[in-house]
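Secondary and tertiary structure notes
Below, each chain spelled out in residue letters.
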Amino acid sequence: MNQAFDVAELAATYANKSAQDILKLAFSQFGDDLWISFSGAEDVVLVDMAWKLNKNVKVFSLDTGRLHPETYRFIEQVRDFYKIDIELISPDQSKLEPFVKEKGLFSFYKDGHGECCGVRKIEPLRRKLSGVSAWATGQRRDQSPGTRSQVAALEIDTAFSTPERTLYKFNPLAQMTSEEIWGYIRMLELPYNSLHERGFISIGCEPCTRPVLPNQHEREGRWWWEEATQKECGLHAGNIISKA
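Residues numbered from 1 in each chain as written. Predicted model: local features only at pLDDT ≥ 70, side-chain atom pairs only at ≥ 80, totals over all residues. Heavy atoms only, no water.

**As for the pairing of strand β2 (residues 58–62)**
Of all five residues in β2, four are buried, a share of seventy percent or more. Of the strand pairs in this sheet, strand β1 (residues 34–37) and β2 are connected by three bridges, and their pairing is parallel. In the strand pairing of β2, serine 37 is matched with phenylalanine 60. Traced from β1 through helix α3 (residues 44–53) to β2, the parallel crossover comes out right-handed. Tracing the backbone out of β2, into helix α4 (residues 69–82) and back to the parallel element strand β3 (residues 86–89) gives a crossover that is right-handed. (Buried < 20%, exposed > 50% of the residue type's maximum accessible area, 1.4 Å probe, protein only. Helix = DSSP H or I, 4+ residues; strand = E, 2+ residues; numbered from the N terminus. Pairing = 2+ DSSP bridges. Right-handed = clockwise from strand over helix to strand, strands pointing away.)

Printed below as a string of structure tokens:
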């Protein structure tokens, strides 16, 4: 990494830059040490842009064990389309099995999604990021007015950094809109999750995701039984923490 890396200054400089420019910055600073997070939804745009800049791009995806069959198929489509490896990160069975034994498979409907996401998403992601210098996500400001409206082009990941290691986080798609994302997908005929054709916009685990109605915001299809200001699974906990 270039030692002259001023996050605040670069975040301001790149606030209105294109997604490609932000990715170019990320690769110039971290090269092959940059990892792309792929969620099985519109993140294919991020993968496409990154792959065009670096054919050796590293991509990972969280396999919670509760994804839709369509999402698993889509991950394989993207793997084949770009001829890249997509590293699937799974929950630690020594933590998952006791949780399921004690709480069952649908406890989140009663006591919130935090504990389940902690086991199925946060712990695996923390494990992955513990050996990573920088990662890029497909977060966009228009995805969730309650928690993502201030997403920066790049930042220090306060949720997963440690006292011994600073983790850098890039959000190249931050200022792109859903309309722009889908314009990109259609123009380049990229593969996409077939669930989008059935009214799903924001796609996560099967029990916690549902289609949205016309004029509903996409985030209303996620954890619909909880307050809008808490609709983060913890992967981007800094979005909430920073507002506390």
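Having seen the model, we can carry on.
**Examining the nonpolar core**
Leu34, Ile36, Phe38, Val44, Leu154 and Phe170 are the most contacted members of the largest nonpolar core, which totals 42 residues. For this core, the secondary structure elements donating two or more residues are α1 (7–13), α2 (19–30), β1, α3, α4, β4 (134–136), β6 (168–170) and α8 (178–188). It is α2 that provides the largest number of residues to this core, a total of seven residues. Sequence-distant contacts of phenylalanine 170, that is, excluding residues within four places in its chain, are made with Phe5, Ile22, Leu25, Ala26, Phe30, Leu34, Ala134, Trp135, Ala136, Thr137, Ala153 and Leu154. With 12 residues, the next largest nonpolar core counts Ile122, Val132, Trp135 and Ala159 among its residues. (Core = buried A, V, L, I, M, F, W, Y, C linked by side-chain atoms within 4.5 Å. Contact = heavy atoms within 4.5 Å.)

**A closer look at empty space enclosed by the protein**
For the structure shown, the criterion picks out two cavities of 30 Å³ or more. There is about 100 Å³ of room inside the second largest cavity. For the lining of the second largest cavity, the element with the most residues is helix α7 (residues 114–129), which contributes four residues. Of the residues contributing to the lining of the second largest cavity, the split by class is seven nonpolar, three polar and four charged. (1 Å grid on protein atoms, 1.4 Å probe; cavity = no way out; pocket = protein on both sides within 12 Å on 5 of 7 lines; lining within 4 Å. Points joined across faces, edges and corners; volume = space filled by probe spheres on them. Nonpolar A, V, L, I, M, F, W, Y, C, P; charged D, E, K, R; others polar.)

**A look at α7**
For α7, built from 16 residues, the straight-helix expectation of 22 Å at 1.5 Å per residue is missed by more than 12%, its first-to-last C-alpha distance being only 19 Å. Taking the largest bend as the criterion, α7 deviates by roughly 35 degrees, centred on isoleucine 122, and proline proline 124 comes between one and four positions later. The complete set of buried residues in α7 reads Cys116, Cys117, Val119, Arg120, Lys121, Ile122, Glu123, Pro124, Leu125, Lys128 and Leu129. On its buried side, α7 packs onto β1, β2, β3, α5 (93–103), α6 (108–111) and β4. (Expected span 1.5 Å × (residues − 1). Bend = angle between axes of the 7 residues up to and from the residue.)

**Here's the deal with the side chain of serine 37**
The topology assignment puts serine 37 in strand β1. Residue classification places serine 37 among the buried residues on the basis of a relative accessible area of 16%. With sequence-adjacent residues up to four places away left out, serine 37 is seen in contact with Asp43, Leu46, Phe60, Trp135 and Ala136.

**A word on the UniProt feature "binding site: [4Fe-4S] cluster" (unreviewed entry) in the chain**
Residues given the UniProt feature "binding site: [4Fe-4S] cluster" (unreviewed entry) here are Cys116, Cys117, Cys205 and Cys208. Spatially, the listed residues are clustered: although they cover 93 residues, their C-alpha atoms lie within 10.9 Å of one another. Residues from the annotated list that form part of the lining of the second largest cavity: Cys116, Cys117, Cys205 and Cys208. When you line up the elements, cysteine 205 lands in the loop between α8 and α9 (238–241). When near neighbours in sequence (up to four residues on either side) are disregarded, cysteine 205 contacts Thr64, Arg66, Leu67, His68 and Lys121. You can see cysteine 208 is positioned in the loop between α8 and α9. Owing to a relative accessible area of 8%, cysteine 208 belongs among the buried residues under this scheme. Not counting residues up to four positions away in its chain, the partners in contact with cysteine 208 are Phe108, Gly221, Arg222, Trp223, Trp224 and Trp225. (UniProt positions renumbered as here; feature names shortened; annotations may be inferred.)

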